[in-house]
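Observations on the model geometry
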Amino acid sequence: MAENEVVNEETVVETQANAVNEEAKQSAQDKKPRKNGKFDKTRKPRGERAPREAEEFEKRMVDIRSVQKTVKGGRILSFSALCVVGDKKGRVGVGTGKAREATNAIEKAFSAAKKNMIQVSMAGNTIPHAINMKYGACTVRLMPAKEGTGVIAGGAARPVLELAGIKDITSKNQGSSNKINTVRATFEALKALRTKEQVAALRGKTVEEL
């Protein structure tokens, strides 16, 4: 009996050793050595990879400027970025960012824009009414337009209107042409828009009673 048990144990050990050797051989075949002696991990074919998720918001950089600060030891160079984020379905946000590196400033601006998003009140593909908005020395006037007109806007106002999803609108910029003031004025104008239903709800009346 003792001899049989020893034989059985030896057989189990040999079976386990063979299984380990087979796994080692298989893993060695899966990894192909490079010229420099390193091994490549096996990659799945492109058809089997999971598709990348589409970004929820579209990003657009309006302006980036370099700012120099003179100190005792010399000059310190930094960057200021102005960015707009929107989903073209009525949501839009504006943000600015400052950093020593341009890429960091842009990332900060996009992050600030996402945190500062609003829902724009729209009437179809245009705005419900005309509106004037002043920010700093810049005054922006937004006017609704007929279907097929397109976005008639120049400068820094166009990205804000396009990313908000407005397809037919006319705008006019007066005063300063500073991009930051223009974007802020356009953003505040969109923020102040109200539809008939919203005004009626604020006044506690129906649309017919207005």
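The paragraphs below set out a description of the structure included in this document.

A few words now on the overall build of the protein chain. Helix and strand counts for the protein chain stand at five helices and 10 strands. A total of 210 residues make up the protein chain; the buried ones form 29% of that total. Considering only residue pairs separated by 6 or more positions, the protein chain has 55% of its internal contacts joining residues 24 or more positions apart. Summing over all exposed atoms, the protein chain offers an accessible surface of approximately 14800 Å²; the carbon and sulfur share of this is 49%.

Let us look at the sheet that holds strand β6 (residues 117-119). Read across the open sheet, the four strands follow the order β3-β4-β5-β6; overall the sheet is antiparallel. Strand pairing shows two members of the sheet lacking a second neighbour, β3 (58-71) and β6, which therefore form its edges. Each strand axis lies, on average, 15 degrees off the axis of its neighbour in the sheet, ignoring direction. Relative to strand β4 (residues 74-86), β3 runs antiparallel, the two sharing 13 bridges. Bridge pairing in β4 places threonine 70 opposite arginine 75. Here helix α2 (residues 102-115) sits on the sheet in contact with β3, β4, β5 (91-99) and β6, set at roughly 145 degrees to β5. Packing against the sheet, helix α4 (residues 179-191) makes contact with β3, β4, β5 and β6, and its axis sits at approximately 150 degrees to β5.

Moving on, we get to the nonpolar core. Residues Val84, Val92, Leu142, Leu161, Val183 and Leu190 are the most contacted members of the largest nonpolar core, which totals 27 residues. If one sorts the elements of this core by residue count, α4 sits on top with five residues. Discounting chain neighbours no more than four positions away, the residues touching leucine 142 are Ile127, His129, Ala130, Ile131, Leu161, Ile169, Thr170, Ser171, Thr186, Ala189 and Leu190. Within the second largest apolar cluster, 10 residues are counted, among which are Cys83, Phe110, Ala113 and Met117.

Moving on, we get to the pattern of salt bridges. By the definition in use, this model includes five salt bridges. One salt bridge in this structure joins glutamate 58 and arginine 60, with 3.2 Å as the shortest N-O distance. Residue classification places arginine 60 among the partly exposed positions, given a relative accessible area of 23%. We note a salt bridge from aspartate 63 to arginine 65, for which the minimum N-O separation is 4.0 Å. Note on aspartate 63: relative accessible area 19%, which makes it buried. Arginine 65 gets classed as partly exposed once you look at its relative accessible area, which sits at 39%.

Reading the values: rules and limits
All residue numbers refer to position in the chain's written sequence, counted from 1. Residue-level local features of this predicted model are given only where pLDDT is at least 70; pairs of side-chain atoms are given and counted only at 80 or more, and the full residue set underlies all totals for whole chains, interfaces and linings. In computing side-chain properties, one takes all heavy atoms of the structure into account and sets aside hydrogens as well as water. The helix count covers DSSP runs of H or I at least four residues long, the strand count covers runs of E at least two residues long, and both are numbered beginning at the N terminus. For each residue, the accessible area found with a 1.4 Å probe, counting protein chains only, is set against the maximum for its type, and the residue is called buried under 20%, exposed over 50%, and partly exposed in between. Every residue pair with non-hydrogen atoms within 4.5 Å of one another is taken to be in contact. Values of accessible area rely on a 1.4 Å probe in the Shrake-Rupley scheme; residue burial ignores everything except the protein chains shown. In short, DSSP must find at least two bridges between two strands for them to pair. Interaxial angle, 0 to 180 degrees, is taken between N-to-C directions of lines fitted to C-alpha atoms, where a helix line uses only the stretch in contact. As used here, the term nonpolar core means buried Ala, Val, Leu, Ile, Met, Phe, Trp, Tyr and Cys residues forming a set that is joined through side-chain atoms within 4.5 Å. Salt-bridge detection follows one rule: a side-chain nitrogen of Lys or Arg within 4 Å of a carboxyl oxygen of Asp or Glu.

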